[in-house]
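Descriptive structure summary
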Amino acid sequence: MPTREKIRQFIMNELVADGSGSELSDTVLLIDSGVIDSLGIMSLLGFLEENFSIQISGEDLVPDNFATISTISDFVAQKSL
Amino acid sequence: MDFELTDEQKVWKETIIKFSRQELAYDIAAVEKSGEFPWDAWRKCAEMQILAMPFAEEYGGCGVDFLTTVHSLNSLGYACKDAGLVHALTTQILCGLQIALFGNEALKLRYLPSLCRGEKVFAQAITEPGSGSDALSMRTKAEKQGEAFILNGSKTFITNGPMADVVIVFAVTAPEKKTLGGISCLVVEDGMEGFSKGKPLEKMGLTTLQNGELFFDNCEVSCDRLLGKEGQGAIIFNESMEWERSLLPAVHLGTMERILEISVKYAKERSAFGKAIGNYQAVANKISRMKMNIELGKGILYRCASLKGRNKRAPLDASICKLFISESLKQACLDAVQIHGGYGFMCEYEIERDLRDSIASTIYSGTSELQHNIIARFMGL
Ligand SMILES: Cc1cc2nc3c(=O)[nH]c(=O)nc-3n(C[C@H](O)[C@H](O)[C@H](O)COP(=O)(O)OP(=O)(O)OC[C@H]3O[C@@H](n4cnc5c(N)ncnc54)[C@H](O)[C@@H]3O)c2cc1C
């Protein structure tokens, strides 16, 4: 499954409050719309590190990197280089 | 994971136990009554390099790995009966970890050496009169004006606050954003205009520790005092909690080990109805529960410390660790008082102090209820 879809699936299953919810587009603002909150980001970081074998620390830990599905998958791609 | 102690860990543990028994065996009740902070003991701990342990040598640290630091603080919690002093020291180390993990080179060079030497006292300020568990709903604001932030608001219950030289302050920098991007961390120094400190608050336990309010009234903080990036505050908070929820329980587990030893000794020596009270199951069961919780606590503590030492993420483990060990400590102290009967209630045996001190462990660094919430969230609830 492509990175973007894996991330989407994780967010839909684990972070969207009512689970089944409607589609989540690549550009929906996840933090501003409340999909990712302060606890949700901890789960997301764990998921990204485990599934894409990357380490996220220090300067990478800025909200902008996790703003949308699109920015998250770009970030993962760049970390995986 | 293999948690057999290394030679280095054994040396640190033995040295700290010996040091504590020789140098930190002062009359705590007298210090409590005086209302003073035990500065002499603080300086001795700094000389022992306890504050410097996990920091890189280029910043004045010892370059010791995190698991070894955890083992050492465990020994300090075991051998030093002044839990207030130990909490003050641990808070200083936690502030240092925040600076080491997120500070730029200039901040690290400026602050870590004096932190390691204990010359400056550090505090971290998150809680406010109106927000504790819901920490990120804080009201303290830092408005950017040119090359500075103008800080306004107040913080409360801050450990080391009344005597702090340097405070890591969490404040809202972008109110329009959700908390994740709207909070930042600023390093404020005593003496800066608009920054003032309240008197130590009176508490039921941890009496030698100083906790208090901090006030910011148009306090101008230059942008180069930003810890991490603007908007990174909530993430720094989360990350710091993982370290904190591994380090504080190390101390608590040490205290529990001391409580167990005292309880076993008393249960063997005290007799009632012609037998040592330890022969009665109702007493022995309390002691076996202490032992069980210590061994279970070690498992989760070492796992957390080892994960953090390898820079791995451990939010769930850290919450379990904090919750389990702090609740176990509180229970162990209650049981120890009960095992000691009337003597347990009297100050002379010093167990009542451990009980009073232990209550705070289920409140600071996120209450037990909050740890349950975090664990439940990770279970998808
Ligand atoms: C000794 C000590 C040292 C401290 N040091 C520091 C420090 O150095 N820096 C700092 O910033 N703060 C510090 N604190 C403050 C501490 O972190 C807070 O007291 C703690 O987070 C709880 O916040 P609160 O007191 O506002 O309680 P509240 O948040 O008002 O909670 C009251 C009660 O409601 C429960 N509750 C709240 N929300 C929920 C929920 N969603 N679900 C279930 N139960 C809930 C709580 O568990 C608690 O039982 C310290 C506190 C103490 C006692």
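Think of each chain on its own: its residues are numbered from 1, step by step along the sequence as written. Each chain takes a letter, starting from A, and each ligand takes a number, starting from 1, following the order in which they are written. With the structure being a predicted model, the display of local features is reserved for residues of pLDDT at least 70 and the display and counting of side-chain atom pairs for 80 or more, all residues being used for whole-chain, interface and lining totals. Heavy atoms throughout the structure, all of them, feed into the side-chain values; hydrogens and water do not.

**Topic: the overall build of chain B**
For the purposes of this entry, the term helix denotes a DSSP run of H or I that reaches at least four residues, the term strand denotes a run of E that reaches at least two, and both are numbered from the N terminus. Secondary structure assignment for chain B yields 13 helices and 10 strands. Only the C-alpha atoms count toward the radius of gyration. The rule for a globule is 2.2 Å times the residue count to the power 0.38. Relative to a compact globule of 381 residues, whose C-alpha radius of gyration would be 21 Å, chain B shows 21 Å and is just as compact. With respect to the three principal axes, the spread of C-alpha positions in chain B is 80 × 50 × 40 Å. Burial classes: relative accessible area under 20% of the type maximum marks a residue as buried, over 50% as exposed, and values in between as partly exposed (1.4 Å probe, protein chains only). A burial count over chain B gives 57% of its 381 residues as buried. What makes two residues a contact is simply this: any of their non-hydrogen atoms within 4.5 Å. The long-range fraction of contacts in chain B, counting pairs at least 24 apart against all pairs at least 6 apart in sequence, stands at 75%. Using a 1.4 Å probe, the Shrake-Rupley method yields the accessible areas, and only the shown protein chains count as cover for residues. If you sum the accessible surface of chain B, you get close to 16200 Å²; carbon and sulfur atoms cover 52% of it. A residue counts as positive if it is Lys or Arg and as negative if it is Asp or Glu; His and the chain ends are not included. Every charge is mapped onto a representative atom, which is NZ of Lys, CZ of Arg, CG of Asp or CD of Glu. If the 43 positive side-chain charges of chain B are averaged to one point and the 48 negative ones to another, these points end up 5 Å apart.

**Some words on the overall build of chain A**
Scanning chain A from terminus to terminus reveals 3 helices and 0 strands. When the helices and strands of chain A are read in sequence order from the N terminus, they spell out α-α-α. Here chain A has a C-alpha radius of gyration of 12 Å; the compact-globule value for 81 residues is 12 Å, and the two agree. Reported as C-alpha extents along the three principal axes, the dimensions of chain A are approximately 35 × 25 × 20 Å. Residues counted as buried form 49% of the 81 residues belonging to chain A. The long-range share in chain A, meaning contacts at least 24 apart out of those at least 6 apart in sequence, stands at 57%.

**Focus on the domain arrangement of chain B**
All names here are of chain B. Parsing chain B into structural domains produces domain 1 (7-120), domain 2 (123-231) and domain 3 (234-378). Taking only C-alpha atoms, the centre of domain 1 and the centre of domain 2 are 23 Å apart. Opposite the 28 residues of domain 1 that make contact, domain 2 presents 21 residues. Both sides together, the interface formed by domain 1 and domain 2 hides about 1900 Å², and carbon and sulfur atoms give 63% of it. Interface area lost by domain 1 to domain 2 is led by Gln98, Leu107 and Tyr111, which between them contribute 25%. Here, a salt bridge means any side-chain nitrogen of Lys or Arg that lies within 4 Å of a carboxyl oxygen of Asp or Glu. On inspection of domain 1 and its partner domain 2, the count reaches 2 salt bridges. Mapped by element, the contributors of at least two residues to the side of domain 1 that touches domain 2 are helix H2 (28-34), helix H5 (83-102) and helix H6 (105-116). It is H5 that contributes the most residues to the side of domain 1 that touches domain 2, 12 residues altogether. Three classes are used: nonpolar for Ala, Val, Leu, Ile, Met, Phe, Trp, Tyr, Cys and Pro, charged for Asp, Glu, Lys and Arg, and polar for all others, with Gly counted as polar. Per-class residue counts for the side of domain 1 that touches domain 2 are 14 nonpolar, 8 polar and 6 charged. Marked domain ranges trace back to an automatic or database domain assignment. Note: buried area is the sum, over both parts, of the accessible area (probe 1.4 Å) each one loses when the two are combined.

**What about the packing of aromatic side chains?**
Residue and element names in this part refer to chain B. Pairs were defined over the aromatic rings of Phe, Tyr and Trp, the Trp ring being its six-membered one, requiring ring centres within 6.5 Å. Orientation was assigned from the angle between planes: stacked under 30 degrees, edge-to-face over 60, tilted for the rest. Under the counting rule described, the total for this entry stands at 13 aromatic pairs over all chains. Aromatic side chains Tyr111 and Phe122 sit 6.0 Å apart centroid to centroid with 85° between the ring planes, which places their arrangement in the edge-to-face category. Taken together, the positions of Tyr111 in helix H6 and Phe122 in strand E1 (residues 122-125) put the pair 11 residues apart, joining distant regions of the chain. You'll find Tyr111 and Phe122 in the same group, each marked buried.

**Let's talk about the interface of chain A and chain B**
Of the residues lining the interface, 21 residues belong to chain A; the matching set on chain B comes to 19 residues. Taken together, both faces of the contact between chain A and chain B bury some 1900 Å²; the carbon and sulfur share is 63%. There are 2 salt bridges connecting chain A and chain B. With a shortest N-O distance of 3.2 Å, A:Glu49 and B:Arg313 are connected by a salt bridge. Whenever a nitrogen or oxygen atom comes within 3.5 Å of another N or O atom, the pair is scored as a polar contact, on the condition that within protein one atom can donate a hydrogen and the other can accept it, and that pairs from neighbouring residues in sequence are kept only if both atoms are in side chains. Scanning the region where chain A abuts chain B turns up 7 residue pairs in polar contact (both at pLDDT 80 or more). Among the residues forming the side of chain A that touches chain B, the class breakdown is 10 nonpolar, 7 polar and 4 charged.

**Let's talk about the environment of B:Met290**
Residues and elements named next belong to chain B. Its location among the elements puts Met290 in helix H9 (residues 281-309). Here Met290 falls in the buried class, since its relative accessible area comes to 2%. Each C-alpha atom of the pair Met290 and Ala100 lies 36 Å from the other, and the pair is 190 residues apart in sequence. Discounting chain neighbours no more than four positions away, the residues touching Met290 are Ile259, Leu260, Ser263, Ala332, Asp335, Ala336 and Ile339.

**Observations regarding the site of the ligand**
All names here are of chain B. Taken together, 17 residues sit near the ligand, with Thr127, Ser133, Thr159, Thr367 and Glu369 positioned nearest. Glu369 places a side-chain nitrogen or oxygen 2.8 Å from an oxygen atom of the ligand. Between the ligand and Asn373 there is a distance of 3.0 Å, counted from a nitrogen atom to a side-chain nitrogen or oxygen. Calculation on the ligand without its partners gives an accessible area of 980 Å², and the protein chains cover 64% of this total. Those elements giving two or more residues to the shell around the ligand turn out to be E1, strand E3 (148-159) and helix H13 (368-378). Split by residue class, the shell around the ligand holds 8 nonpolar, 8 polar and 1 charged. Among the domains, domain 2 (123-231) and domain 3 (234-378) are the pair contributing at least three residues each to the shell around the ligand. Throughout this document, a residue counts as near a molecule or strand when at least one of its heavy atoms sits within 4 Å of that molecule or strand.

**Re helix H1 (residues 7-23) of chain B**
Residues and elements named next belong to chain B. In this analysis, the expected span of each helix is defined as 1.5 Å times one less than the number of residues it contains. The end-to-end C-alpha distance of H1, which contains 17 residues, comes to 24 Å, matching closely the 24 Å that a straight helix rising 1.5 Å per residue would cover. Listing the buried residues of H1 in full gives Gln9, Trp12, Lys13, Ile16, Ile17, Phe19 and Ser20. Looking straight down H1, one finds that the buried residues subtend no more than 165° of arc, so they occupy a single side. Facing away from the buried side of H1, by more than 90 degrees, are the exposed residues Asp7, Val11, Glu14, Lys18, Arg21 and Gln22. Among the structural elements, helix H3 (39-47) and helix H4 (66-79) are those in contact with the buried residues of H1. Taking the helix axis as origin, the arc is that swept by the directions to the C-beta atoms.

**Some remarks on the pairing of strand E7 (residues 211-222) of chain B**
Residue and element names in this part refer to chain B. Here, a strand pair is defined by DSSP locating no fewer than two bridges between the strands. For E3 and E7, the ladder comprises 9 bridges, and the chain directions are antiparallel. When the sheet's bridge partners are listed, Lys155 is paired in E7 with Leu214. Pairing of strand E6 (residues 195-197) with E7 involves 3 bridges; the strand directions are antiparallel. Across the sheet, residue Lys197 finds its bridge partner in E7, namely Leu214.

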